[in-house]
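Structure assessment
Residue-level listing of the chains:
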Number of protein chains: 10
Amino acid sequence: MSEKNRRLLLETFENPHPKRDYTIEIVAPEFTSVCPITGQPDFAVLTLTYTADAKCVELKSFKLYLQSFRQAGIFYEDVTNCILDDLVSVLAPRTMKLVAAFTPRGGISSTITAIHEASR
Amino acid sequence: MSEKNRRLLLETFENPHPKRDYTIEIVAPEFTSVCPITGQPDFAVLTLTYTADAKCVELKSFKLYLQSFRQAGIFYEDVTNCILDDLVSVLAPRTMKLVAAFTPRGGISSTITAIHEASR
Amino acid sequence: MSEKNRRLLLETFENPHPKRDYTIEIVAPEFTSVCPITGQPDFAVLTLTYTADAKCVELKSFKLYLQSFRQAGIFYEDVTNCILDDLVSVLAPRTMKLVAAFTPRGGISSTITAIHEASR
Amino acid sequence: MSEKNRRLLLETFENPHPKRDYTIEIVAPEFTSVCPITGQPDFAVLTLTYTADAKCVELKSFKLYLQSFRQAGIFYEDVTNCILDDLVSVLAPRTMKLVAAFTPRGGISSTITAIHEASR
Amino acid sequence: MSEKNRRLLLETFENPHPKRDYTIEIVAPEFTSVCPITGQPDFAVLTLTYTADAKCVELKSFKLYLQSFRQAGIFYEDVTNCILDDLVSVLAPRTMKLVAAFTPRGGISSTITAIHEASR
Amino acid sequence: MSEKNRRLLLETFENPHPKRDYTIEIVAPEFTSVCPITGQPDFAVLTLTYTADAKCVELKSFKLYLQSFRQAGIFYEDVTNCILDDLVSVLAPRTMKLVAAFTPRGGISSTITAIHEASR
Amino acid sequence: MSEKNRRLLLETFENPHPKRDYTIEIVAPEFTSVCPITGQPDFAVLTLTYTADAKCVELKSFKLYLQSFRQAGIFYEDVTNCILDDLVSVLAPRTMKLVAAFTPRGGISSTITAIHEASR
Amino acid sequence: MSEKNRRLLLETFENPHPKRDYTIEIVAPEFTSVCPITGQPDFAVLTLTYTADAKCVELKSFKLYLQSFRQAGIFYEDVTNCILDDLVSVLAPRTMKLVAAFTPRGGISSTITAIHEASR
Amino acid sequence: MSEKNRRLLLETFENPHPKRDYTIEIVAPEFTSVCPITGQPDFAVLTLTYTADAKCVELKSFKLYLQSFRQAGIFYEDVTNCILDDLVSVLAPRTMKLVAAFTPRGGISSTITAIHEASR
Amino acid sequence: MSEKNRRLLLETFENPHPKRDYTIEIVAPEFTSVCPITGQPDFAVLTLTYTADAKCVELKSFKLYLQSFRQAGIFYEDVTNCILDDLVSVLAPRTMKLVAAFTPRGGISSTITAIHEASR
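To keep things clear, this report deals only with the structure shown in the data block.

About the criteria used
- Residues numbered from 1 in each chain as written.
- Chains lettered and ligands numbered in written order.
- Predicted model: local features only at pLDDT ≥ 70, side-chain atom pairs only at ≥ 80, totals over all residues.
- Helix = DSSP H or I, 4+ residues; strand = E, 2+ residues; numbered from the N terminus.
- Rg over C-alpha atoms; globule rule 2.2 N^0.38 Å.
- Buried ≥ 20, exposed ≤ 12 C-beta atoms within 10 Å, placed from the backbone.
- Contact = placed C-beta atoms within 7 Å.
- Nonpolar A, V, L, I, M, F, W, Y, C, P; charged D, E, K, R; others polar.
- Pairing = 2+ DSSP bridges.
- Least-squares fit on C-alpha atoms with pLDDT ≥ 70 in both.
- Arc of directions from axis to C-beta.

Turning next to the overall build of chain A. When its secondary structure is counted, chain A shows three helices and six strands. The N-to-C order of helical and strand elements in chain A reads α-β-β-β-β-α-α-β-β. Since a compact globule built from 120 residues should have a radius of gyration of about 14 Å, the 14 Å found for chain A is in line with a globular shape. For the C-alpha atoms alone, the extent of chain A along its principal axes is close to 45 × 25 × 25 Å. Of all 120 residues assigned to chain A, the portion counted as buried reaches 36%. Long-range contacts, defined as pairs at least 24 residues apart, comprise 71% of the intrachain contacts of chain A with a sequence gap of at least 6.

What follows covers the environment of Leu59 of chain D. Take Leu59 of chain D: it is sitting in helix α2 (residues 59–67). Residue Leu59 of chain D is classed as partly exposed on the basis of its 19 C-beta neighbours within 10 Å. When the C-alpha atoms of Leu59 of chain D and Ile24 of chain D are compared, they prove to be 11 Å apart, with 35 residues separating the residues in sequence. Setting aside its immediate chain neighbours within four residues, Leu59 of chain D contacts Arg105, Gly106, Ile108 and Ser110 of chain F.

Take the interface of chain D and chain F next. The interface is formed by 16 residues belonging to chain D together with 14 residues belonging to chain F. Contributing elements (two or more residues each) for the side of chain D that touches chain F: β2 (23–34) and α2 of chain D. Counting residues per element, the side of chain D that touches chain F draws most heavily on β2 of chain D, which supplies eight residues. Taken together, the residues of the side of chain D that touches chain F break down into nine nonpolar, two polar and five charged. For β2 of chain D and strand β6 (residues 109–117) of chain F, the ladder comprises five bridges, and the chain directions are antiparallel. Bridged to Val27 of chain D within β6 of chain F is Ser109 of chain F.

Let us look at the arrangement of the chains. Nothing in chain B touches chain E, and the closest approach of their C-alpha atoms is 18 Å. If you take every C-alpha in chain B and every C-alpha in chain I, the smallest gap between them is 23 Å, and the two do not touch.

Here we take up the relation of the copies chain D and chain F. Once turned by 72° and shifted 0.0 Å along the axis, chain D lies on chain F with an RMSD of 0.0 Å. Overall, the copies show the geometry of a five-fold rotation axis.

Residues and elements named next belong to chain H. Burial of the side chains of strand β3 (residues 41–51) is restricted to one face: Asp42, Ala44, Leu46, Leu48 and Tyr50 are buried, whereas none of Pro41, Phe43, Val45, Thr47, Thr49 and Thr51 on the reverse face is. Where strand β2 (residues 23–34) and β3 come together, nine bridges link them in antiparallel fashion. Counterpart to Glu25 in the pairing with β3 is Thr49. What sits between β2 and β3 in their antiparallel hairpin is a turn of six residues, with Gly39 showing a positive phi close to 75°. As defined by bridge partners, β3 adjoins strand β5 (residues 95–102) across eight bridges and the pair is classed as antiparallel.

What follows covers unusual backbone geometry. When glycine is set aside, most residues are seen to have a negative phi, and most peptide bonds are trans. Residues and elements named next belong to chain E. For Ala92, which is not glycine, the phi torsion reads 45° and is therefore positive. Along the chain, Ala92 turns up in the loop between α3 (76–91) and β5 (95–102). For Ala92, a count of 15 C-beta atoms within 10 Å translates into the label partly exposed.

Next up on the list: helix α2 (residues 59–67) of chain I. One turn of an α-helix holds 3.6 residues; hence residues three or four places apart share an orientation. Those residues of α2 of chain I that sit buried are Leu59, Phe62, Tyr65 and Leu66 of chain I. With its buried residues spanning 115° around the axis, α2 of chain I presents them on a single face. Packing partners of the buried residues in α2 of chain I comprise α1 (3–8), β2 (23–34) and β4 (55–57) of chain I together with β6 (109–117) of chain J.

This paragraph deals with the environment of Ser109 of chain I. Position of Ser109 of chain I among the secondary structure elements: in strand β6 (residues 109–117). The exposure class assigned to Ser109 of chain I is partly exposed, which follows from the 19 C-beta atoms found within 10 Å. Placed 59 residues apart in sequence, Ser109 of chain I and Tyr50 of chain I show a C-alpha to C-alpha distance of 25 Å. With sequence-adjacent residues up to four places away left out, Ser109 of chain I is seen in contact with Val27 of chain C together with Phe102, Thr103 and Pro104 of chain I.

So, on to the environment of Thr23 of chain I. Structurally, Thr23 of chain I can be placed in strand β2. C-alpha separation for the pair Thr23 of chain I and Asp78 of chain I, spaced 55 residues apart in sequence, amounts to 25 Å. Ignoring any residue separated from it by four or fewer positions in sequence, one finds Thr23 of chain I in contact with Thr49 and Thr51 of chain I together with Thr113 of chain J.

Shown next, in the form of structure tokens:
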């Protein structure tokens, strides 16, 4: 799936309380993609935390967006930053953080944390 | 139930130690409302933390107030902010925070955190 | 028991290292008092944290002091602040914090946190 | 809802491996009903364990069946045995056990365990 | 309170499903009595498990019955067997087990387990 | 992938201690397949326990075998029994048990347990 | 301390309910003795479980008895069996089990379990 | 190291209470060997449980014996049975069980359990 | 043992990386001393955290130093500050913190935390 | 293995998102080296956290690099700082932290934490 088509999967709804800087945390423990070198599946728990501006992400569309990576070959560091970029592009949040905690490979586990701060 | 009638359920008592800025935390693990789109029940653990000014919320009335959402169709982000607004309106606290941790739907769980700071 | 008599239960010993601002934490998980409205027993875990000045509280006397509330009818917010006031009055600590975590009633649990800072 | 209508909510599918006595465990942590005396909501985690004969219970219909108790006034002991009776009536399982672990009321929690053995 | 009066506190209701040998477990984590020698309070978690015959114990009356020990001076082994005897006398259950797990004293904790089997 | 081709993925090695009835437990927490109705991914932790006769399953081939279900549409009860059948067919173990613990869907989680006993 | 003097430390009280075979479990997490070879202290959690006949062990005397090993040089296997022998000698219990779980030494931890069954 | 030399590392001491069938459990969480195919290190927690007859294994010698596998290339199933065989050969225990819980490889973890019963 | 002799037990080694302000944390869960009033043993988990300057504490000597308190009669607050003073005197660290978490007495547990900051 | 050769084991790949200061955490729970004095093996969980500049460390090469310490005799404080130095030298990260949590020896466990900040 092209990067542009994937981003189109993300749907939004209007922030019902835009005057307050409140926080939305979404934990998606069933993320899976594929290692681009070995072809082996990778698994991660994603934790997204953001303060919405005008728009919030619709949960079912977010789930389908994440499922679009199921057969995608992509590295840990890359997929974490790409998901953050897609969400920032679609939601324009006030702040957003994404933590991707991957399960162990060769006895070693990795967690990638990327943060977006809106330029004010 | 109308928004106004719901707010009337909240009873208060006089803060017994108003000279000290102490903190009251109330955990209500049995909150349930209904998804306005699917009609499916939602479940959350609510954690309210506040510093009272003149008034404290009476616990039994708070429980009945929360139970008034049992058949209400309302979104996560909305109900969290509405409960905070109701409590701020009735108690006029010095500070108040509400965390609503909803159980997973489609494998994905959400936590909404909203904070009120009194304008001094 | 009168408030004055209760305070007399608290015994102290001289701070053996007054030159250093070290911290003493005391956890008393078996506190129980009575709800002044329903007459039902309440239960809490108390966590006292303080930096002593000239005096430290003697542990056995603190236990007996807490036991004096066993049949006392008193609200959560009140008893937490009263115990803090008694300890501040007897010890004159540099700083002191009391956290009282009450067990659930009607499915809802409460934790009261009160802090004393010495006026310097 | 009448008892008969509620039972009609339960849908089944054909056991795909009836020659083997294998076990199906279903955990439903979001069960809620109402106390018939106080009108207060009750909450329980239900754990159903059974060995199917010809039929298995369809999960979504089981969820809707459980949701039909949301406004029903019924005691702990009764609801546990009634759900077991309904499932036995619809599935005719080889064996079936239902454990209902209710959350605390007045500081006291209850767990009801009922077992059905097919008469052979 | 006399032993006879205490037993009168226990109320029952008719077993709604007497044909089935199902199990009722009740956990009461806030039991407290007094050591008859030192006068110090004791604390225990009580776990009652029984199969009812004609009668079940009513939960609120069980709570009040347990609270009647709040000022009673009685040893661990004695109170556990006495509570079991009272419940057996009032309910005539098919089987009944009581586990009383007392909190540590002098660094040592005790758990008493007593079982009643109906003579058939 | 055809059922026959999938079974060919399983490789074995000779049991190094066939005289002793020892137990091999293998936990595979990253199993994923697809719901044949909704097309949504399912996730499970598989726990295989067996006593080998002449042959043991080679771990890497078992991992690849499990990965062959990544895009397969198959129900919980079916996939658990099919994997057990494949392993029994290839290994002819003395005993074998497979437990598949699936993550929650609609707030409800399922665990399927199937056992094979060699006919002696 | 001689073995005979140590045994004299154990005091008993009359079993208040000798007609019932109930169980008494005592957990003593602060046992410490000394390794007879290296002179290094050993630490263990002792769990004693018994069914009393005519006599129960008094808890404070049991604590003092255990403290008498504080400077004693004795091996794991020996001390566990000796404590069991002393208790059996003094209490003549219907059954008794002692579990001694020692903390790690050289990265390796040991647990000794000894059981006494009365010869009837 | 030859199998014979390795076995010589195991030292024993006389069972101090041979008349009683008591149990000795030894947990060694730092076992490591090498995969004979990939050369990669393996890690396991070993739990040995036995009832001694005339001899007990000396702990320090057991630790050194286990360390002798640090550079040895050997499979999970093999090393578990070999260690059990060595211990049975040296100690001639009444019963003995060895559980070897290996850490995950490729997301999959294995536990091998082997039991020896003395032929009487 | 005199205070001076005890301090002589502490041995040091040269900090291998003095240019970097790195942190060393040492957890000693088997500390025991004696209450100077009751003669009863006390038990604590000590957690030492420091940034070395020229010298680090040698672990085995630290263990023997802590064991020298085994028969010493000393209060919680005193022993925590004394150990910190001894270590500061011998190591002259850049910063050092000692946390002593004592096990419960009379149902109440205490934790003492003392910090040393080098005067620069 | 010489220090220079060991460092050559570390391979890197280009940071795919160098414009963002995101964090990479790698947990390696199977680190083992040897005590240079006693020859006994040491075990640690390593947690590396860094913000990459131009280069990221390749995980498999990092695993092999860590395995090169398997037979190396080196102290806790030294190995932690050496690994940090090697990674800083090869990656030139913006910031990097290494935490090495060693398992207990003589009942005492150590954790070393070293931090590198790039000079800007």
